[in-house]
Amino acid sequence: MKCQIFTLCEYVTNNDGRLTIVNTIDNISVEKLPWRTYFGIALKLLITSQDTCKSLTISISQKGDNPHTLFESTTPLPAKGSGKFLLAGNLKGFIFDQPGVYSASITSDSGEIIAETEFSVTTNQPTEQNNE
């Protein structure tokens, strides 16, 4: 199994076997936390007839001193032998409570990490100006 595309984005759709990916994301900059957001996960895998994986787990975790999983979902793979597998998933109302580094990963049913990407959540708090 080979991952050709794995990214977070503003929106993704599968149009008859073609992924439409809008604005990939590696940083989410917000005014204040907690922040409710909407984003997509785009995945394209090439599956060979030798692959025995029957399902994939998608997870989003916060890294750092207090690592924890924020989201996890398992999706079955089609029973066909080989070919491409496209996933276009959009998460609505996802809440980030803290700034930091996060990880999105795709794991096989045997526990093998197929793809992983990191992104950060930052606040852009206005700085106080010195009026002298």
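Fair warning: this is a prediction, and the values are worked out from it, not measured in the lab.

Help me understand the sheet that holds strand 1 (residues 2-15), please; the structure alone is not making it clear to me.
Strand pairs in the sheet, formed through backbone hydrogen bonds, run parallel or antiparallel to each other. Taken in spatial order, the four strands make up an open sheet running 2-1-4-7, and their pairing is antiparallel. If you trace the sheet from one side to the other, it starts and ends with strand 2 (18-25) and strand 7 (83-96), each paired once. Going across the sheet, the axis of each strand differs from the next one's by a mean of 45°, ignoring polarity.

What is the right way to read the sheet that holds strand 9 (residues 113-123) from this model?
Strands sit in the order 3-9-8-5-6 across an open sheet of five strands; the sheet is mixed. Looking at which strands have only one partner, the edges of the open sheet turn out to be strand 3 (27-30) and strand 6 (68-76). Adjacent strand axes in the sheet meet at a mean angle of 15° when their direction is disregarded. Of the pairings in the sheet, the one linking strand 5 (residues 55-62) to strand 8 (residues 100-108) comprises seven bridges and is antiparallel in character. Its bridge partner being in strand 8, Ser-59 is matched across the sheet by Ser-105.

Explain the pattern of salt bridges to me, please; I cannot follow it from the model alone.
Think of it this way: side chains of opposite charge can pair up when their charged atoms draw near. All chains considered together, the criterion is met by one salt bridge. For Glu-118, the salt bridge goes to Lys-63, with nearest N and O atoms at 2.6 Å. In this pair, Glu-118 sits in strand 9 while Lys-63 sits in the loop between strand 5 and strand 6, placing the two residues 55 residues apart along the sequence. Given a relative accessible area of 45%, Glu-118 falls into the partly exposed group. Classification of Lys-63 as partly exposed rests on a relative accessible area of 34%.

When you look at unusual backbone geometry in this model, what are you seeing that I'm missing?
Peptide bonds are, in most cases, trans, and in most cases residues other than glycine have a negative phi. Here the bond from Leu-33 into Pro-34 is cis, since omega is 0°, no more than 30 degrees from zero. Relative to the assigned elements, Pro-34 resides in the loop between strand 3 and strand 4 (35-47). One non-glycine residue, Asn-23, lies in positive phi territory at about 50°. Structurally, Asn-23 is set in strand 2.

Would you take a moment to explain the side chain of Thr-57 for this structure?
By the secondary structure assignment, Thr-57 is in strand 5. Look at Thr-57 and you get buried, because its relative accessible area is 18%. Engagement of the side chain of Thr-57 in a polar contact is seen with the side chain of Thr-74, the distance being 3.1 Å. Other than its neighbours up to four places away in sequence, Thr-57 contacts Glu-72, Ser-73, Thr-74, Ser-105, Ile-106 and Thr-107.

Rules used in this analysis
- Residues numbered from 1 in each chain as written.
- Predicted model: local features only at pLDDT ≥ 70, side-chain atom pairs only at ≥ 80, totals over all residues.
- Heavy atoms only, no water.
- Pairing = 2+ DSSP bridges.
- Helix = DSSP H or I, 4+ residues; strand = E, 2+ residues; numbered from the N terminus.
- Axes fitted to C-alpha atoms, helices over the stretch in contact; angles between N-to-C directions.
- Salt bridge = Lys/Arg side-chain N within 4 Å of Asp/Glu carboxyl O.
- Buried < 20%, exposed > 50% of the residue type's maximum accessible area, 1.4 Å probe, protein only.
- Polar contact = N/O pair within 3.5 Å; in protein donor to acceptor, adjacent residues only side chain to side chain.
- Contact = heavy atoms within 4.5 Å.

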